[in-house]
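# Analysis of the macromolecular model
As a plain string of letters, each chain reads:
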Amino acid sequence: MSETQACVVVVEDEPQIRRFVCDALGKEGCTSLQAATARIGLDAAAAGRADLVILDLGLPDMNGIDFIRDLRTWSPLPILILSARSAERDKIAALDAGADDYLCKPFGVGELLARVRALLRRHWHSGESMPRHQFGDVEVDLVRHVVSRGGAEIHLTQIEYRLLAVMLANRGKVLTHRHLMQEVWGPGYREQGHYLRIYVGRLRQKLELDPAQPQHILTETGVGYRFQP
Amino acid sequence: MRTLLPSDRRGGRYLLAAALCVLTTLGAAPLRELLDLANIVMLFLLTVFVCAVRLGRGPAVMAAFFGVALFDFFFVPPQLSLAVADAQYLVTFAVMLAVGLITSHLAALLSERTEEAQAREQETRALYELARDLGGALAIAQVTDIARRFLGRLDMDVSLLIAEGGSEVFPFRQYGGRHLSELEQSFARSAYQRRSIVETDSLAGMGAAIVFLPLAAPAHVLGVLALAPQRDDVDELRQQRPLLEAVASLLAITLERLHYADAAQRGELQVAAERLRTSILSSLSHDLRTPLTTLVGLADTLVHRQPALPEDATETAGIIRDQARSMHHLLSNLLEMARLQAGNVTLNKEWQAFEEIVGSSTRLLATLLADRQLVIEVPRQLPLVCFDAVLLERVLCNLLENAVKYSPPGARIRLFARAGETALEVAVDNDGTGFPSDRIDQVFNLFARGEQEPAVAGTGLGLAICKAIIIAHGGMIVAENRPGGACVRFTLPLGTPPAVEEEGSA
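Residues numbered from 1 in each chain as written. Chains lettered and ligands numbered in written order. Predicted model: local features only at pLDDT ≥ 70, side-chain atom pairs only at ≥ 80, totals over all residues. Heavy atoms only, no water.

## What about the packing of helix 4 (residues 88-135) of chain B against helix 5 (residues 140-152) of chain B?
Residues and elements named next belong to chain B. Orientation of helix 4 relative to helix 5, taken along the N-to-C sense of each, is 165°, at an axis distance of 10 Å. Classified by the angle their axes make, helix 4 and helix 5 are roughly antiparallel. Crossing of helix 4 against helix 5: the hand is right-handed. Here Ala126, Leu127, Leu130, Asp133 and Leu134 of helix 4 come into contact with helix 5, specifically with Val143, Ile146, Arg149 and Phe150. For the contact of helix 4 with helix 5, a count of residues per class yields 7 nonpolar, no polar and 2 charged. (Axes fitted to C-alpha atoms, helices over the stretch in contact; angles between N-to-C directions. Helix = DSSP H or I, 4+ residues; strand = E, 2+ residues; numbered from the N terminus. Parallel < 35°, antiparallel > 145°, perpendicular 65-115°, else oblique. Left-handed = near helix turned anticlockwise from the far one by under 90°. Contact = heavy atoms within 4.5 Å. Nonpolar A, V, L, I, M, F, W, Y, C, P; charged D, E, K, R; others polar.)

## So, the environment of alanine 19 of chain B
Residue and element names in this part refer to chain B. Position of alanine 19 among the secondary structure elements: in helix 1 (residues 7-28). Given a relative accessible area of 40%, alanine 19 falls into the partly exposed group. Sequence separation of alanine 19 and alanine 63 is 44 residues, and the distance between their C-alpha atoms is 9.3 Å. (Buried < 20%, exposed > 50% of the residue type's maximum accessible area, 1.4 Å probe, protein only.)

## Here's the deal with helix 5 of chain B
Residues and elements named next belong to chain B. Across its 13 residues, helix 5 extends 18 Å between first and last C-alpha, which sits within 8% of the 18 Å expected from 1.5 Å per residue. Residues Val143, Thr144, Ile146, Ala147, Phe150 and Leu151 constitute the buried set of helix 5. What you see down the axis of helix 5 is that its buried residues fit within an arc of 165°, all on one side. Those residues of helix 5 that are buried are in contact with helix 4, strand 1 (156-163), strand 2 (172-175), strand 5 (221-229) and helix 8 (241-303). (Expected span 1.5 Å × (residues − 1). Arc of directions from axis to C-beta.)

## Section: the interface of chain A and chain B
Across the contact, 44 residues belong to chain A and 43 residues belong to chain B. Of the roughly 3,800 Å² buried where chain A meets chain B, counting both sides, 54% is carbon and sulfur surface. Taken together, chain A and chain B are joined by 3 salt bridges. Arginine 325 of chain B is paired through a salt bridge with glutamate 111 of chain A; the nearest N and O atoms lie 2.7 Å apart. Here chain A is connected to chain B by 12 residue pairs in polar contact (both at pLDDT 80 or more). Of all elements in the fold, only helix 1 (15-27), helix 5 (109-124), helix 6 (158-169), helix 8 (193-207) and strand 11 (217-220) of chain A reach the threshold of two or more residues within the side of chain A that touches chain B. (Buried area = accessible area lost by both parts, 1.4 Å probe. Salt bridge = Lys/Arg side-chain N within 4 Å of Asp/Glu carboxyl O. Polar contact = N/O pair within 3.5 Å; in protein donor to acceptor, adjacent residues only side chain to side chain.)

## A short note on unusual backbone geometry
That bond from lysine 105 of chain A to proline 106 of chain A is cis: its omega, -5°, falls within 30 degrees of zero. Turning to its location among the elements, proline 106 of chain A is positioned in the loop between strand 5 (101-105) and helix 5. Residues glutamine 306 of chain B and proline 307 of chain B are joined by a peptide bond in cis, for which omega reads -5°. Positionally, proline 307 of chain B belongs in the loop between helix 8 and helix 9 (311-341). One non-glycine residue with positive phi stands out, namely histidine 145 of chain A, at about 55°. Here arginine 195 of chain B, not a glycine, exhibits a phi torsion of approximately 60°, which is positive. Secondary-structure assignment places arginine 195 of chain B in the loop between helix 6 (182-194) and strand 3 (198-200). On the basis of relative accessible area, arginine 195 of chain B is assigned to the partly exposed category, the value being 43%.

## A look at the state of the cysteines
Counted under the stated rule, the structure contains 0 disulfides over all chains. Cysteine 30 of chain A carries a free sulfur, and the closest cysteine sulfur to it, the one in cysteine 7 of chain A, is 8.7 Å from it. Judged by relative accessible area, which is 6%, cysteine 30 of chain A ranks as buried. The thiol sulfur of cysteine 466 of chain B is not disulfide-bonded, and the nearest other cysteine sulfur, from cysteine 397 of chain B, lies at 9.6 Å. The class of cysteine 466 of chain B is buried, set by a relative accessible area of 0%. (Disulfide = S-S within 2.5 Å.)

## Some details on the environment of valine 224 of chain B
All names here are of chain B. Considering the arrangement of structural elements, one finds valine 224 in strand 5. Spatially, the C-alpha atom of valine 224 lies 7.8 Å from that of alanine 163, the residues being 61 residues apart in sequence. With sequence-adjacent residues up to four places away left out, valine 224 is seen in contact with Ser159, Leu160, Leu161, Phe172, Ala188, Ala191, Tyr192, Phe212, Leu213, Pro214 and Leu215.

## A closer look at the sheet that holds strand 11 of chain A
Residues and elements named next belong to chain A. The sheet built from 3 strands is open, its strands ordered 10-12-11 with antiparallel pairing. The sheet is open, and its two borders are formed by strand 10 (174-176) and strand 11, each paired with just one other strand. The average undirected angle you get between the axes of adjacent strands in this sheet is 30°. Sheet analysis places strand 10 next to strand 12 (residues 224-227), joined by 3 bridges and oriented antiparallel. Paired with threonine 176 across the strands is glycine 224, a residue of strand 12. With respect to the sheet, helix 6 is in contact with strand 10, strand 11 and strand 12, its orientation differing from that of strand 12 by roughly 70°. Across the sheet, helix 8 lies against strand 11 and strand 12, angled at about 145° from strand 11, the strand it touches most. (Pairing = 2+ DSSP bridges.)

Shown next, in the form of structure tokens:
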């Protein structure tokens, strides 16, 4: 890792999983603090040196959601959740409670490190202003409100632009349907999920090379969307 | 319960009335000189009154006539003759007879009323006891026993016919009573269907008179109460109809109570079984997933080790990792199937774009699809469809995986979708060997495999899950062979998506 050595708190009750996660983090140049229970995990995160928390949702001593809410009351640390593939409801609850991303079990070292890197990068650069973004052949100038593709300006409606802006501001992060509806349309539209589906579809048609196989505006089935530069 | 006295006792009453009249005559004879004739008339009237109260109307009427005759014969001059010397005695006779008849009528009416009231009270008490007994009944057999005991006192043969569906001709289950003939069964059915009493008598060419009372609870008709008096007396049966109707309604209420109690208990059991199943599934899923996660992670750690392990060790570690992954995949499919087969999956349906799950499933299978030529033909303007995205993604993944599994590297795999008139039509086909033509209709069965010999890894779960999911969505799925490969097509009902307010121009 190019940045200063990161410190990751791994909260996981299964010692073998903890072991290989910490092993992988070590190879990446991170130090890790192992925690078998939520209590120890919270204490380790509070000790002050942590840059990232990796949290298993199925902890014996505390509901993972409560852990996130508790942590979020005093810390903006990025949180990566480990959960079963079929547990969409838990994932949504965790993301809405303030988690940043999730990884489905079983996962390989490569997937884990990719997520960790992305989260750490965002964490470290969170203070920086990003007036301009570039992905694929698309350029977005947030100052001048101009979106262009391959040099030619594209017209986005207000809602499309707002949706894109929210996604750009949360690059790499999973955004739940609820969260996006709230951010773009406001609280009254929270149950009108089909609006989001339609506008994401339009954005894809304007910005993606192949809207049926998008490379940047990705679907996290049953959970929400993720923008990947 | 009104019961008429046997005829020999009835005759006895008349004799008794006559005897009382004779006794009065004998008692009054010595007083003939002391008492005025008017007072002797009073004695006879008293006798008539006593007869009316104690013996009933008939004997009292007889006593009135007999008394007048005796009075005339023994007391009115000329005595010992029915001739009357003084014509004014005729008035005495007429008044005496009239008073006697009126008194006897009134007195008899009174005693009849009393008797009736007593009978009604008895009936009420009996019904009350029946209700109390039925209140404690816990099973239909018990209800039958109680009804039999109660109606048995009226010399009736009792059958309870409880509606249980079954055959169209005789949709009942019979509790107690004799076997019903075909004709009787059809009467029972008509009482049940029309909700009205059906009565037959022995003249209808049947064994005996029989009455069918529908057991109608407020909500629905629960069955039929069939009653056959053993003495084959239709009039009596008609007389007792109000009582029988009361019994039928008590039975109906009891049966309905049993029905609801049963349903409630069954519901509770089902909930408990469901909870158990869910907890078994989730703990199974957790307990099996954890070691597989460890296996995949540790093996992958070995693959990525720096400095690298010898080439064959790295390769072995990679195989372990991939096998553990496919085992996990199998486990997920198994658990999903168990959940779907439990039959009460709640679909998390939302209006969404089908295109999205095309993108997400091809991304999930990117490595698998890397050496196939994937062609996606999904029009840009598909309408929104209401479906459970997670489950539909599984359908697409399973179909694509199958398409890869049964085709050579480099083969073309096509994912096609279009909006039909009422349904979204989706097809996944590949260039390959196709389904074995003799077993193409079995591919959706659990654990059916495309090839006799399991040359290709898999369990035959995939298509069965696809079918369960599509059926749950109200769609259809078929497998077929086309020239040069296999094709699976499915549909999803289109419906009317919710309206979208377009924003004003930016």
